[in-house]
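Now for the letters of each chain:
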Amino acid sequence: MRAALFYGPNIPLSVEDVPQPEVGAGEILVKVAACGLCHTDLHYLDHGVPTVKAPPLILGHEAAGVVALTGAGVEDIKEGDRVLLPAILTCGQCPACRYGRENICQRMLMFGNTIDGAYAEYVKAPAKDVFILPDEIPLVEGCIIADAVTTPYHAVKNRAEVRPGDTVVVYGCGGVGLNVVQFANLAGGVVIAVDIAAEKLEWARRLGAAYTLNAREQPDGVAYAVRKLTAGGVDIAIEAIGNPGTIQEAFGMLHPGGRLVVVGYSDREITLNAGRMMYREMEVRGSLGCRPVDYPRVIELARTGRIQVSPLVTARFPLAQINEGLDTLRRGVGIRSVVVMEG
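Residues numbered from 1 in each chain as written. Predicted model: local features only at pLDDT ≥ 70, side-chain atom pairs only at ≥ 80, totals over all residues. Heavy atoms only, no water.

Check the secondary structure of the protein chain and you find 11 helices and 18 strands. Computed over the C-alpha atoms, the radius of gyration of the protein chain is 20 Å, within 12% of the 20 Å expected from 2.2 N^0.38 for a compact globule of 343 residues. A buried classification covers 55% of the 343 residues belonging to the protein chain. Split by element, the accessible area of the protein chain, about 14,900 Å² in all, is 50% carbon and sulfur. Mean positive and mean negative side-chain charge positions of the protein chain (32 and 38 charges, respectively) differ by 6 Å. (Helix = DSSP H or I, 4+ residues; strand = E, 2+ residues; numbered from the N terminus. Rg over C-alpha atoms; globule rule 2.2 N^0.38 Å. Buried < 20%, exposed > 50% of the residue type's maximum accessible area, 1.4 Å probe, protein only. Areas by Shrake-Rupley, 256 points an atom, 1.4 Å probe, with all protein chains shown as cover. Lys, Arg positive; Asp, Glu negative; His and termini not counted. Charge placed at Lys NZ, Arg CZ, Asp CG, Glu CD.)

Under the definition given, this model contains 19 salt bridges. Here Arg 205 and Glu 202 are joined by a salt bridge, their closest N and O atoms 3.0 Å apart. Taken as a pair, Arg 205 and Glu 202 lie in helix α6 (residues 198-206) at a separation of 3 residues, close to a single helical turn. Glu 202 gets classed as partly exposed once you look at its relative accessible area, which sits at 31%. Its salt-bridge partner being Arg 206, residue Glu 202 comes within 3.7 Å of it at the nearest N-O pair. Of the two residues, Glu 202 and Arg 206 both sit in helix α6, 4 residues apart, roughly one turn of that helix. Beyond isolated ion pairs, a larger network of salt bridges with shared partners links Glu 161, Arg 259, Glu 283 and Arg 285. (Salt bridge = Lys/Arg side-chain N within 4 Å of Asp/Glu carboxyl O.)

Honestly, it's all geometry; don't read function into it.
Spelled out as structure tokens, the structure:
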């Protein structure tokens, strides 16, 4: 089969012939329809963030496809089923899993990090972990539900706990941030979207943002503009970039008792005022991925049209052109790009 191999930082992915995965008991082989291109892959490629499995490694953790083969003992999934693969596989046994927080499983496996991923014609997965994708959701566009849609759902519902009437600033309107916007709007929040790209702010308005702010057009700073809009600050700030400066700025937009949720990844330290945090009872929460129990809920929201998925996929690249697709991601072009398998 053809697959895109990661050999290390600052090296383009290499599309090569590799052996097709062998399926064991309890596993399925999935013929990949499409796999989303994600900034997580750029952390490995451009910034030297190490993968758990040493290269060469097949990246890609946002996949959907059709079951091509089932292993011994698989009963509930059959060949021909349309399936979505979650980005993270959980053990179900560690303390986090047993407390219902499987998204921070202590033994988690991640496609394209700890195990081979789905920038390939085929990928294998445990049958217990995949989700049936209804016919109403196209496989190619539906693949982004695996991460770019479910991660924002968890951030909004379980970590930010957005309630009707809450004022919510969303800092960063990329593929993840725009879905934060639409889930916060769906939850009844009054959303203020912040970005530096006019196109992405227009998308934020389409997805339910009540206000949009271009960070480059605020002479007194974004935090001042947000406080002015909200007469003092927002209930919740969600940072979806992963930049220490914007994380600090988002914290500064909160009114007393407010909640900051960090979705964007950064390996750099940030400084927040501990006195303000204590005296004003401020909250700071991280948010990672999505619990398996929430995937069917998100799939149903997409199936019934309560959230938009397909329009957010703005570019499609064949596997042979995966590096061109990654370049569009680096340049911030479009909303979400996917790699489409042919044949």
